[in-house]
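These are the residues of each chain, in order.
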Amino acid sequence: MTRYASVYPLVTARALAREFTYEVTDDVQPGAVVEVRFGNAKRRGVVTKVDVVRPKGIETSAVERVVEELPQPLVELALWIAEYYGSTPGRALALIAPVQRKARGERPQPAERDALTGEAEPAELSATQRTALDRIVGALDAEEGANFLLYGATGSGKTEVYLQACAVALERGRGAIVLVPEIALTPQTLGRFRARFGERIAVLHSSLTEAERRDERVRIASGEAPIVVGARSAVFAPVPRLGVICIDEEHDASYKQESDPRYDARTVAAKRAALENAVAVFGSATPRPESWGTLERLDLGGRLSGPLPPVRVVDLRREAGYPLSAPLLAALGAIEEHGGKAILLLNRRGVAPALHCRACGLTLRCVNCDVALVLHGDGLLRCHHCGHTEPKPDTCPACSSTELARLGAGTQKLERELEAKLPELERIRLDADAVEKPGALAAALKRFAAADRVVLVGTQMVAKGHHFSGVALAAVVDADTGLGMPDFRAEERTFQLLTQLAGRSGRDAPGRVLVQTFQPDSRAIELAARHDVSRFLDSELERRRSLGYPPFSHLVRIVVAGPEPDAPLQALLELKEGLTGDLLGPAPLLRLRGRYRAQLVAKTDQPRRLAAQASRLLSAGAPAMRRAGLTAVVDVDPQSL
């Protein structure tokens, strides 16, 4: 008797976002990744149901071969992602079933190559660490699924709790996933976990080659590497019998995927923990208000090694020097003279974030995007959105004036200023431009760890979770870069960035923090200078309650882009008629990569329902939108507006 199965082809088209029926052999089960004939091509697909009834009047073909087997909870997770985030099953299933490449043969494991040196296990846990671990282990043994917020100051021992929780999971015959928000943090986390668990660690992130990712997935699925460390995509690692998911620096917006499906790895981790009766531990010194207001809190308290460093706010309205004020130069001069390390944060790349004509007022902008071009040290103007480059002109293209002024400063300019004024300090730059080449990130961090009289200059990368001994100074060169953003999270992000950077200083020796700002009275800056996390979060929750923002509602953002300026707005007006809820817009957005954009934002208590509504309407309109050159994305719980 012929056996039939429902298969979702791994295709991106919304018009094909449905199951198709194929003939399968007796050994094929749900979760099988299969190769099928689809139209005139061979495609991969995922079996979601078996022993289904063949639709009447439909001719079926047979599955050609089974490529691999996926754990059933992962298939359920992917289908949930497709619905919750308004995507398609094909796109969501591709997250858990990446293309399989050929084995590489015997080569060093990425974790061995990329890991920094780890630390020894402490002789004993603090009382608060022990209490937190006991609560996590109790939930793990109950096998009911649980979510916890592990909160404590930078240096309070959150990583040790992760390590101990993973060790308990291994003792119980279960696996673990440890997420970090950015690839920049994987070398240090890998070092700590390899020091404790050796070669039982696998690593997954987008900077690995496809062959490396394939090899790591094989090690994970076989049980050879039961602990996985990686960035957001590691939440889909095929770990058998998952027991613990640790989400480090859970406040970080990098956990949100910015391409379809626009999943949030934190939300996905909580859902996966529920599906597999695992425990999700969300750790941060500066939690999101959403986590602070909704999760059970495990409080680790203050820093284990002593008090947090004092913070001095430098009012740039009263200082002549920029980007290096007199107090910052003096503090750096002390390091140049007496030794030590410094970290300088300037959350802008390049030499100057804009080039402006003093004569006619023109700001040089990208030809494809409605944004200013950034001047880089090689004399090129670059767009950080589409990658467009052009040489810096000698005269204004509008009025031919030679009075072209550089507005603001970026990391490359800061690096040059340091070279000119403090030549004895070694300079290491850490931003997206400096770590493009494989291995450059780990090499830069190793140099900084080993050096003395050294300053690490970088974007927000430098504020995220790094632990280096001997950091005597942490400084924010311009604390105002994020405060002016038109986003309800602007103050939250500024507070988090300042508090996190302050935590890099004085972990094992006296340290200090300098914050340069034109807005010293800002709530975010004032409370960050006092390390007052709870007061900031409590006041932020009250503000959001009055405005109906998360966690008191969900946001769903729908963005349409196209080649003509009016078409995206018109498409969203038509879409709006079929949606329910508190709808804001549509409104135009900045043009990016040559395409005009508009967005519609909804506040809702039922994000899954609204996203599914939007997805159905977009699928129905897909042929017409394709003819008009329009694309659409549904973004549930967006991290920026």
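Predicted, not measured: the structure shown is a model, and the values here were computed from it.

This brings us to the environment of G230. Here G230 lies in strand β9 (residues 227–230). Each C-alpha atom, one on G230 and one on L204, is 4.8 Å from the other, the two residues being 26 residues apart in sequence. The residues contacting G230, other than those within four sequence positions of it, are V178, L179, V180, T186 and L204.

Quick look at the sheet that holds β9 now. Judged by pairing direction, the sheet is parallel, and its seven strands sit side by side in the order β8-β9-β7-β10-β11-β6-β12 without closing on themselves. Edge positions in the sheet fall to β8 (201–204) and β12 (296–301), since each of these pairs with one other strand and no more. Across the sheet, the mean angle separating the axes of adjacent strands is 20° when strand polarity is ignored. Sheet topology note: the strand β7 (residues 175–179)/strand β10 (residues 242–247) ladder contains five bridges and is parallel. Bridged to G175 within β10 is L242. Sheet strands in contact with helix α5 (residues 158–171) are β6 (146–152), β7, β9, β10, β11 (279–284) and β12, and its direction is about 170° off that of β10.

Let us now look at helix α10 (residues 326–338). Taking 1.5 Å of rise per residue, 13 residues should cover 18 Å, and α10 covers 18 Å from first to last C-alpha, within 8% of that figure. Burial in α10 covers these residues: P327, L328, A331, L332, I335 and E336. G339 sits one or two residues past α10 and shows a positive phi near 100°.

Glancing now at the nonpolar core. Among the nonpolar cores identified, the biggest contains 62 residues, and I81 and V268 are the most heavily contacted of them. Here the element with the most residues in this core is helix α1 (residues 72–84); it accounts for eight residues. What V268 contacts, discounting residues up to four positions off in sequence, is L77, W80, I81, Y85, V235, F236 and Y263.

Moving on, we come to the sheet that holds strand β27 (residues 631–636). Within the open sheet, the four strands sit side by side as β25-β26-β24-β27. Their pairing is antiparallel. Edge positions in the sheet fall to β25 (582–592) and β27, since each has one partner strand and no second. Taken pair by pair, the neighbouring strands of this sheet meet at an average axis angle of 20°, ignoring direction. Strand direction decides the pairing type here: strand β24 (residues 554–562) and β27, joined by six bridges, are antiparallel. Bridge pairing links V560 to A632 in β27. Contacting β24, β26 (595–604) and β27, helix α17 (residues 607–620) crosses the sheet at an angle of about 170° to β27.

Here K256 lies in the loop between β10 and α8 (265–275). With relative accessibility at 2%, the residue K256 sits in the buried group. Engagement of the side chain of K256 in a polar contact is seen with the backbone oxygen of V636, the distance being 3.4 Å. What K256 contacts, discounting residues up to four positions off in sequence, is R232, R262, Y263, D264, D635, V636, D637, P638 and Q639.

So, on to the pattern of salt bridges. Tallied over the entire structure, the rule returns 38 salt bridges. For D315, the salt bridge is made with R318, and the minimal N-O distance between the two is 2.3 Å. You can call D315 buried: its relative accessible area is 14%. Judged by its relative accessible area of 65%, R318 is exposed. Notably, a salt bridge pairs D452 with R453, separated by 3.5 Å at the nearest N-O pair. We classify R453 as partly exposed; its relative accessible area is 31%.

Turning to the environment of P55, a few remarks are in order. The topology assignment puts P55 in the loop between β4 (41–50) and β5 (65–69). Note: C-alpha distance between P55 and G39 (16 residues apart in sequence) is 18 Å.

Below, the discussion takes up the pairing of β9. With burial as the criterion, each face of β9 is covered, one bearing I227 and V229 and the other bearing V228 and G230. The pairing of β7 with β9 spans four bridges and is classified as parallel. If you follow I177 over to β9, its bridge partner there is V228. Where β8 lies against β9, four bridges are found, and the strand directions are parallel. In the strand pairing of β9, A202 is matched with V228. For the segment spanning β8, helix α7 (residues 210–222) and β9, crossover handedness is right-handed.

This part takes up helix α2 (residues 89–96). For α2, a buried count of six out of eight residues is recorded, marking the element as mostly surrounded by other parts of the structure. For α2, every residue scored as buried is listed here: P89, G90, R91, A92, L93 and I96. Lining the buried residues of α2 we find β1 (3–9), β4, α1 and α7.

In this chain, D260 is followed by P261 through a cis amide linkage whose omega measures 0°. For P261, the location among the structural elements is in the loop between β10 and α8. Geometrically, the link from G585 to P586 is a cis peptide bond, its omega value of 10° lying close to zero. Looking at the element boundaries, P586 is found in strand β25. At D637, a residue that is not glycine, the phi angle is positive and equals roughly 55°. Positionally, D637 belongs in the segment after β27. Exposure remark for D637: the relative accessible area of 14% places this residue in the buried category.

Each value, and the rule that gives it
- Residues numbered from 1 in each chain as written.
- Predicted model: local features only at pLDDT ≥ 70, side-chain atom pairs only at ≥ 80, totals over all residues.
- Heavy atoms only, no water.
- Helix = DSSP H or I, 4+ residues; strand = E, 2+ residues; numbered from the N terminus.
- Contact = heavy atoms within 4.5 Å.
- Pairing = 2+ DSSP bridges.
- Axes fitted to C-alpha atoms, helices over the stretch in contact; angles between N-to-C directions.
- Expected span 1.5 Å × (residues − 1).
- Buried < 20%, exposed > 50% of the residue type's maximum accessible area, 1.4 Å probe, protein only.
- Core = buried A, V, L, I, M, F, W, Y, C linked by side-chain atoms within 4.5 Å.
- Polar contact = N/O pair within 3.5 Å; in protein donor to acceptor, adjacent residues only side chain to side chain.
- Salt bridge = Lys/Arg side-chain N within 4 Å of Asp/Glu carboxyl O.
- Right-handed = clockwise from strand over helix to strand, strands pointing away.

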